[in-house]
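Fold and geometry: a report
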Amino acid sequence: MGEQSLVLEMTGIRKVFPGVVALDGVDFRLFPGEVHALMGENGAGKSTLIKVLTGVYTIDGGEVRLGGEVVHINGPLQAQQAGISTVYQEVNLCTNLSVAENIFIGREPRKFGRIQWGLMRRRASELLARLDLDIDVSAPLNTYSLAIQQMVAIARAVDISARVLILDEPTSSLDTSEVAQLFAVIRRLKADGVAILFVSHFLDQIYEVSDRLTVLRNGQLIGEFKTEELPQVRLVEKMIGKELAALESLEDKAQRTREKVAEAEPILQAKELGRTGAIAPFNLTIHAGEVVGLAGLLGSGRTELARLLFGADKPDSGELLLEGKQVNLRDPQVAMKRGIAFSSENRRTEGIIGELSVRENIILAMQASRGWTRPIPRRKQDEIVEKYIKALQIRPADPERPVRNLSGGNQQKVLLARWLITEPRLLIIDEPTRGIDVGAKAEIQKLVAELSDGGMAVLFVSAELEEVLRLSHKIEVLRDRRLVEELENTSDVDADRIMQTIASGATS
Amino acid sequence: MTTIDATPDTGNKKDSPANPRRRVYRPNAKYIPILSTLALLVIMYSGAVANFENFGQPSVVVNLFRDNAVLLVVAVGMTFVIITGGIDLSVGAVISLTTTLTATLLQGGWPPLVVLVLVLLLGSLIGAGQGAVIHYFKVEPFIATLAGLFLARGLALFINQQSIPIRDETWKAISEYRIPLAEGVVTKPIAIVALAAVLIAAAVLAWTRFGRNVYAIGGSADSALLMGLPVARTRIAVYTLSGFCAALGGVLFSINSTSGWALQGNGLELDAIAACVIGGVLLTGGSGYVFGALLGVLVTGLIQTIIIFQGDLNAAWTRIIVGVLLFAFIVLQRLVTRKVK
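A quick note: this is a predicted structure, and the numbers were derived from the prediction, not measured.

Right, let's talk about the overall build of chain A for a bit. Each helix and strand in chain A was counted, giving 20 helices and 22 strands. By the compact-globule yardstick of 23 Å for 508 residues, chain A fits well, its C-alpha radius of gyration being 24 Å. Its C-alpha atoms put chain A at 70 × 50 × 50 Å along the principal axes. Looking at the 508 residues of chain A, the share that counts as buried comes to 51%.

A separate point is helix H16 (residues 378–391) of chain A. Residues and elements named next belong to chain A. For H16, which comprises 14 residues, the first-to-last C-alpha distance of 20 Å matches the rise-based estimate of 20 Å (1.5 Å per residue) to within 8%. Considered for burial, the residues of H16 that qualify are Val385, Tyr388 and Ile389. Looking down the long axis of H16, one finds its buried residues gathered within 105° of arc, a one-sided arrangement. H16 presents Arg379, Lys380, Glu383 and Lys390 as exposed residues on the side facing more than 90 degrees away from its buried surface. Buried residues in H16 make contact with helix H15 (358–370) and helix H17 (408–420). At the C-terminal side of H16, Gln393 shows a positive phi close to 50°.

Mapped onto the elements, A:Val164 comes out in strand S9 (residues 164–168). For A:Val164, the contacting residues outside a window of four places in its chain are A:Val7, A:Leu8, A:Leu30, A:Gly83, A:Ile84, A:Ala195 and A:Leu197.

Okay, the pairing of strand S4 (residues 61–66) of chain A next. All names here are of chain A. With 5 bridges joining them, strand S1 (residues 8–17) and S4 adopt antiparallel strand pairing. Bridge pairing links Met10 to Val64 in S4. Sheet topology note: the S4/strand S5 (residues 69–71) ladder contains 3 bridges and is antiparallel. Looking at S5, one finds that Leu66 is bridged to Glu69.

All names here are of chain B. The interhelical angle for the contact between helix H4 (residues 91–107) and helix H5 (residues 112–136), taken along N-to-C directions, is 155°, at an axis separation of 10 Å. Overall, the two elements H4 and H5 adopt an arrangement that is roughly antiparallel. Along this stretch, H4 crosses H5, giving a crossing that reads as right-handed. Within the contact between the two elements, H4 uses Val94, Thr98, Leu101, Thr102, Leu105 and Leu106 and H5 uses Pro112, Val115, Val119, Leu122, Gly123 and Ile126. Taken together, the residues of the contact of H4 with H5 sort by class into 9 nonpolar, 3 polar and no charged.

Of the pairings in the sheet, the one linking strand S13 (residues 266–275) of chain A to strand S14 (residues 279–287) of chain A comprises 6 bridges and is antiparallel in character. Looking at the pairing, A:Gln269 lines up with A:Thr285 of S14(A).

The subject of this paragraph is the UniProt feature "transmembrane region" (unreviewed entry) in chain B. Under the UniProt annotation, "transmembrane region" (unreviewed entry) lies at residues 31–50, 70–101, 113–136, 142–160, 181–207, 236–255 and 316–336 of chain B. Along residues 113–136 of chain B, the helical share is 100% and the strand share 0%, with 34 Å between the first and last C-alpha atoms.

Bringing the domain arrangement of chain A into the picture now. Its domain assignment divides chain A into domain 1 (3–241), domain 2 (242–339 + 425–508) and domain 3 (348–423). Summarising the inter-unit geometry, the C-alpha centres of domain 1 of chain A and domain 2 of chain A are found 35 Å apart.

On to unusual backbone geometry. Residues and elements named next belong to chain A. With a phi close to 50°, Phe112 is a non-glycine residue in the positive phi region. Mapped onto the fold, Phe112 is located in the loop between strand S7 (110–111) and strand S8 (114–115). Of note, the phi angle at Glu323 is positive, near 50°, even though the residue is not glycine. Within the element layout of this structure, Glu323 appears in the loop between strand S16 (317–322) and strand S17 (325–327).

Let's shift gears to the sheet that holds strand S21 (residues 474–479) of chain A. Strand pairing in a sheet relies on backbone hydrogen bonds. The paired strands run either parallel or antiparallel. Residues and elements named next belong to chain A. Overall, mixed pairing links the 6 strands, which are arranged S18-S19-S20-S15-S21-S22 in an open sheet. Pairing within the sheet leaves two strands with one partner each, and these edge strands are strand S18 (340–343) and strand S22 (482–488). Taking the axes of each pair of neighbouring strands and ignoring which way they run, one obtains an average angle of 15° across the sheet. Strand contacts of helix H12 (residues 302–309): strand S15 (291–295), S18, strand S19 (426–430), strand S20 (457–461) and S21, with the helix running at about 150° to S20, the strand carrying the most contacts.

Here we take up the sheet that holds strand S6 (residues 84–87) of chain A. Residue and element names in this part refer to chain A. A sheet is described by the order of its strands in space; here 6 strands give the open sequence S6-S9-S10-S3-S11-S12, paired in mixed fashion. The open sheet terminates on both sides in strands that have one partner only, identified here as S6 and strand S12 (220–226). Across the sheet, the mean angle from the axis of one strand to that of its neighbour is 20°, orientation sign disregarded. As paired elements, S6 and S9 share 4 bridges and run parallel to each other. Its bridge partner being in S9, Val87 is matched across the sheet by Leu167. Across the sheet, helix H1 (residues 46–53) lies against strand S3 (35–39), S6, S9, strand S10 (195–199) and strand S11 (212–217), angled at about 145° from S9, the strand it touches most. The strands touched by helix H6 (residues 176–191) are S3, S9 and S10; relative to S10, the strand with the most contacts, the crossing angle is about 150°.

How each quantity is defined
Residues numbered from 1 in each chain as written. Chains lettered and ligands numbered in written order. Predicted model: local features only at pLDDT ≥ 70, side-chain atom pairs only at ≥ 80, totals over all residues. Helix = DSSP H or I, 4+ residues; strand = E, 2+ residues; numbered from the N terminus. Rg over C-alpha atoms; globule rule 2.2 N^0.38 Å. Buried ≥ 20, exposed ≤ 12 C-beta atoms within 10 Å, placed from the backbone. Expected span 1.5 Å × (residues − 1). Arc of directions from axis to C-beta. Contact = placed C-beta atoms within 7 Å. Pairing = 2+ DSSP bridges. Axes fitted to C-alpha atoms, helices over the stretch in contact; angles between N-to-C directions. Parallel < 35°, antiparallel > 145°, perpendicular 65-115°, else oblique. Left-handed = near helix turned anticlockwise from the far one by under 90°. Nonpolar A, V, L, I, M, F, W, Y, C, P; charged D, E, K, R; others polar. UniProt positions renumbered as here; feature names shortened; annotations may be inferred. Domains from an automatic or database assignment.

In structure tokens:
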């Protein structure tokens, strides 16, 4: 792998948006047959760099060389023709079309202008077989799991051009075996000499699959490293630019406040609450000031349980007590009135309204609970919003910026702020840290700890065990849509213990 | 950083059978709406044959194509538009403009072929204009084509508010020409044109890149763009096609009635949309077939025929039944798509 064999070389890339320098003199290079991870916090410039490469943005400075020649990429189609293909976090395929079509659309094999469906299906099957995928290619894509959709996207990308493949957060919605499957595909492509740019927030995955990494911070290049030579802790420091002390000080906080919580009033009690097909009847008590963690695999019923407690779905068995009194949460609005807030897992589709500004997004829930006939005075709005922008360190700290221009982590904070200003007694947060970076994660975790110290009850749903362990007073373990065990978060409970329960389902 | 989602290799996929993201394999879900329309058509037809004398004659079916030729042609164009997730409200008005213009020009002594080419071009141009506005200015199709509706209808009324008779020899000849199909069964050229339009459109949708791009845009225009598909060209082409079909419908109208009238085709756009929906073309885009639209047109046509055979039923029943069917099919579509999701 000599310098001369570089596939892609970006030097001094500069990209300016009104008011923000998104990329400032960033270099990036790719060798054939390597997996190169692009690392950085949200807002560090990763997405911008990728969009420059895929032709969505044009650069304001610097140059891009492909195979030694300077190129100007002016759109996705041109990027593809130049040999750069991208697979995004949200699968950008047309799920109404068949698998074969999704791979070949725009390049269908034709004879006299007529698409040769048989040939197309055959080729698609062959292509997927090379990725160890044996599926019916004539079935519509939406009949398959996200993981398979992801692989189909990769198959398409690789078939179009096998020089540079960009994988932008491909694993964020996949479960273990699916990730393993994806990595097998990545390794195979790597062996074929494809240069792969890989972005993921899961550090484990970065270390498992990448050969080299480039770290960005605030639009600037921090450096390029060999993955094996850079320990995880050092990597995180480079990404957030500060020591991890803040994160570590949280460590045993949960255990310290444990006794205090046990004496507190139960805020919410679920007795044999359940919904057929969603979650088996369960018992759960949440006290004031308590953080209850929900742990379980993707699809184990975490979200379904949380939705029952918020009235988003109706239970068909059991009862729900709020401060000892039975309640019927007919819909989320009733739950909100009673002081329950729910911050959704799908921040893009269910939470954030991209066109509205940060201020409007934050004010939304509060305004809704007051009723639209009594608008919150603008001065009060500004006051509240400013306070929360500061408290949650939302960046950029501009209340009038449309939320869609914010990075994922900051969108999540806006969503949290929206619920926090309603001063709920029980805050349900579903996957607040998915797809956001280490620094923002730590900030959100810290915030949750502070809220519970202030007496708020928190139901914390997360796929990351460390996070659940760090924050929760007690942990509810779910498996196959059943609450299988409740664990007091004492010092002898660790990730292995929880994983055992998840894996075996045994209650000990 | 361990995540649960990335831990026990023991469980693998079997651990989350109820994963809501994992869709159940349902190969035929997309055919359910069109098959139910077909079933409805067969039931209605056999019911009518059993109840009414002479309903079983082949001419009844053949006449369905003749009587609904214009609607059929318009529905073909509408199918393309709806599959992209759009809507075209201007088609009825384009019909009135083309019939009026055709009649006026023919009365003015223009050569028939020139008139034909001219009005077809005009319809396409109106469609292309609407498509361009919809795509480049990101205007809702509903609004853009509503503007087109007013514009075209206004122009037609401006040209002439009266019904204009056509005395052109060619037009009259085509109008009076009969094509023998079998013993005692004849049809008009306009039915053949409509049927040809259906066949050509179905082939285009199924077997050309343009056709597949239409589906892709309906599935997700953003994805289509990222996949490097010519979204702008396709979208504009779809509305151009709809405009062309409407103009062709106008020409068929003027042939059939040997006249042109500015109030012709009033509300026809809604009949076309209804036919598409009943035929299983999903209003949200991305799914549907031209044959579905054909079935939808036949269903509405058959209802009319049955009412005529019945003799003592009010013609308003056509509308009422179409309304009920529309509701039923929209609910059916919703159920089918929900299951797929």
